[in-house]
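Below, each chain spelled out in residue letters.
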Amino acid sequence: MPSPSEPTGRPEGPLPLVYGPHPDQVADLHLPDREGTDPVPLVLFFHGGFWRAAHDRQHAARFAGALAQACDCAVANIEYRRVGAGGGWPTTLTDAARAVDRLPELASRAAPGRIDDGRIVYAGHSAGGHLALWAAARHRLPADAPGRTDAPAPIRGVLALAPTADLAHADRLGSGRGAVADFLGGSSTEVPERYAAADPAVLGAPAGHTVVVHGTHDEALPPDMARAYTRTTGTALVEIPHGSHFDVIDPDSTAWPHVTRALGALAETRG
């Protein structure tokens, strides 16, 4: 066993990744502790917080680290510009697009031989779940929309945890004290073109396979939103009985086995 002063060959803590020039265009790459020769899947994870600057990626750091260990995968915990600090329409979306486009290569460079870029999953919680769903549906955006791509994302799928899957519905509910209107600069009647370019509920099914995990007692976003989204898009829904909004990112909750099982299945899914 090495002494405390001897290197173990493994980094202490996550590896920093920089995907753009702005201070918030960064991510923390969590790697599994195990020593092995087989490359591991890469999860590109967007934290929640209703797209607001008051909430950053640090509140999801424990979740990202635990997910990397439990699922034997690499997890990039992504930061992005948020409302109140240069984010909102369209900056938050263009940051999300830039992140998913650049981070697979950056992660492979930071951890040579550790990343299987053929097994990529987008994931996110709450507002971050919205960004993950949106990023995987960029090929469905209107022709002139920010972040539009011609081809579907080359991913295995999306793991959306208590996502804001219907922006217009969330805005009508006043979710997050008007968070959607703050994010997009108005209601769906005031800026309908922005909702058409940002709302997963109108974009259709994302690339790859999608699993939505949502607690039946979610106090921030109603489970009916997840039910309607998955029914309309033909995607999968896992409901957590009595689960709250944050149970789905809590490694100590009853939701955790459902989250890790869903991610494991997505990472191995082909086609």
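What counts, and at which threshold
Residues numbered from 1 in each chain as written. Predicted model: local features only at pLDDT ≥ 70, side-chain atom pairs only at ≥ 80, totals over all residues. Heavy atoms only, no water. Salt bridge = Lys/Arg side-chain N within 4 Å of Asp/Glu carboxyl O. Helix = DSSP H or I, 4+ residues; strand = E, 2+ residues; numbered from the N terminus. Buried < 20%, exposed > 50% of the residue type's maximum accessible area, 1.4 Å probe, protein only. Axes fitted to C-alpha atoms, helices over the stretch in contact; angles between N-to-C directions. Parallel < 35°, antiparallel > 145°, perpendicular 65-115°, else oblique. Left-handed = near helix turned anticlockwise from the far one by under 90°. Contact = heavy atoms within 4.5 Å. Nonpolar A, V, L, I, M, F, W, Y, C, P; charged D, E, K, R; others polar. Pairing = 2+ DSSP bridges. Core = buried A, V, L, I, M, F, W, Y, C linked by side-chain atoms within 4.5 Å. Arc of directions from axis to C-beta. pLDDT = per-residue confidence, 0-100.

**Student:** Help me understand the pattern of salt bridges in this model?
**Tutor:** Side chains that differ in charge, positive against negative, can pair when their charged atoms come close. Across all of its chains, the model carries 15 salt bridges by this definition. Of the charged contacts in the structure, one is a salt bridge between R82 and D24, with a shortest N-O distance of 3.6 Å. You can see R82 sitting in the loop between β4 (74-78) and α2 (91-110) and its partner D24 sitting in the loop between β1 (15-18) and β2 (26-30), a full 58 residues away along the chain. Comparing R82 with D24, the two get one shared label, buried.

**Student:** It is not clear to me how the packing of helix α1 (residues 61-71) against helix α9 (residues 256-268) should be interpreted in this structure. Could you clarify?
**Tutor:** Relative orientation and spacing of two packed helices are given, respectively, by the angle between their axes and the distance between those axes. Interhelical geometry of α1 versus α9 gives an angle of 60 degrees and a closest axis separation of 10 Å. With respect to their mutual orientation, α1 and α9 come out oblique. When the axes of α1 and α9 are compared, the crossing they make is right-handed. Along the contact surface, α1 presents F63, A66, L67, A70 and C71, while α9 presents W256, V259, T260 and L263. Each residue belonging to the contact of α1 with α9 can be placed in one class, and the counts come to eight nonpolar, one polar and no charged.

**Student:** Please explain the environment of P241 as it appears in this structure.
**Tutor:** You can see P241 is positioned in the loop between β8 (236-240) and α9. For P241 and T216, which are 25 residues apart along the polypeptide, the C-alpha to C-alpha distance reads 5.4 Å.

**Student:** Just to check I follow, could you spell out the sheet that holds β1 for this structure?
**Tutor:** The pairing of strands in a sheet comes from backbone hydrogen bonds and takes either a parallel or an antiparallel form. One open sheet holds the eight strands; their spatial order is β1-β2-β4-β3-β5-β6-β7-β8, and the pairing between them is mixed. Each having just a single partner strand, β1 and β8 make up the two edges of the open sheet. Strand after strand, the sheet turns through a mean of 20 degrees between neighbouring axes, direction not considered. Across the face of the sheet, α1 comes into contact with β2, β3 (40-46), β4 and β6 (157-161) while running at roughly 165 degrees to β4. Here helix α8 (residues 223-233) sits on the sheet in contact with β7 (209-215) and β8, set at roughly 160 degrees to β7.

**Student:** Which parts of the structure should I look at to understand the nonpolar core?
**Tutor:** Nonpolar side chains tend to gather and get buried jointly when the protein is soluble and globular. Among the nonpolar cores identified, the biggest contains 61 residues, and L29, L44, W51, L103 and Y122 are the most heavily contacted of them. Per-element accounting of this core gives the leading share, eight residues, to α2. In this structure W51 touches R82, V83, T92, A127, H130, L131, T164, L167, A179, V180 and F183, once residues within four positions along its chain are discounted. Counting residues in hydrophobic clusters, the runner-up holds 26 residues, among them I240, V248, A255 and L266.

**Student:** Honestly, helix α5 (residues 175-184) in this entry has me stumped. Any pointers?
**Tutor:** Owing to its 3.6 residues per turn, the α-helix aligns residues three or four sequence positions apart on the same side. Of the residues making up α5, those classed as buried are S175, G176, A179, V180, F183 and L184. Down the axis of α5, the smallest arc covering the buried residues is 90 degrees, so these residues share one side. Of the surrounding elements, those touching the buried residues of α5 are α2, α3 (127-135), α4 (167-173) and α6 (192-198). Trailing α5 by a residue or two, G185 shows a phi angle of about 85 degrees, which is positive.

**Student:** It is not clear to me how unusual backbone geometry should be interpreted in this structure. Could you clarify?
**Tutor:** Glycine aside, the phi torsion of most residues is negative, and most peptide linkages are trans. In this structure, the amide linkage connecting W89 to the following residue, P90, adopts the cis form with an omega of -10 degrees. Checked against the element boundaries, P90 lands in the loop between β4 and α2. Residue D72 is not a glycine yet carries a positive backbone phi of 50 degrees. As for its placement among the helices and strands, D72 is situated in the loop between α1 and β4. Under the relative-accessibility criterion, D72 is labelled partly exposed at 29%. Phi is positive for S126, close to 60 degrees, though the residue is something other than glycine. Locating S126 in the fold gives a position in the loop between β5 (115-125) and α3.

**Student:** How do you make sense of the environment of L67 when you look at a structure like this?
**Tutor:** For L67, the position within the fold is in helix α1. Between the C-alpha atom of L67 and that of W256, which follows or precedes it by 189 residues, the distance is 9.3 Å. Apart from the residues lying within four places of it in its own chain, the contact partners of L67 are D72, C73, V75, W256, V259, T260 and L263.

**Student:** Would you mind going over the environment of I155 with me for this structure?
**Tutor:** Mapped onto the fold, I155 is located in the loop between α3 and β6. Residues in contact with I155, not counting those within four places in the same chain, are I120, Y122, A136, A207 and G208.

**Student:** Can you walk me through the confidence of the model for the protein chain in this structure?
**Tutor:** The predicted coordinates should not be examined in detail at positions where pLDDT is low. Scored by pLDDT, the protein chain comes out at a mean of 94, with 95% of its residues at no less than 70. This stretch, residues 1-9, has a pLDDT under 50; its non-local contacts, to residues over four places away or in other chains, come to two contacts.

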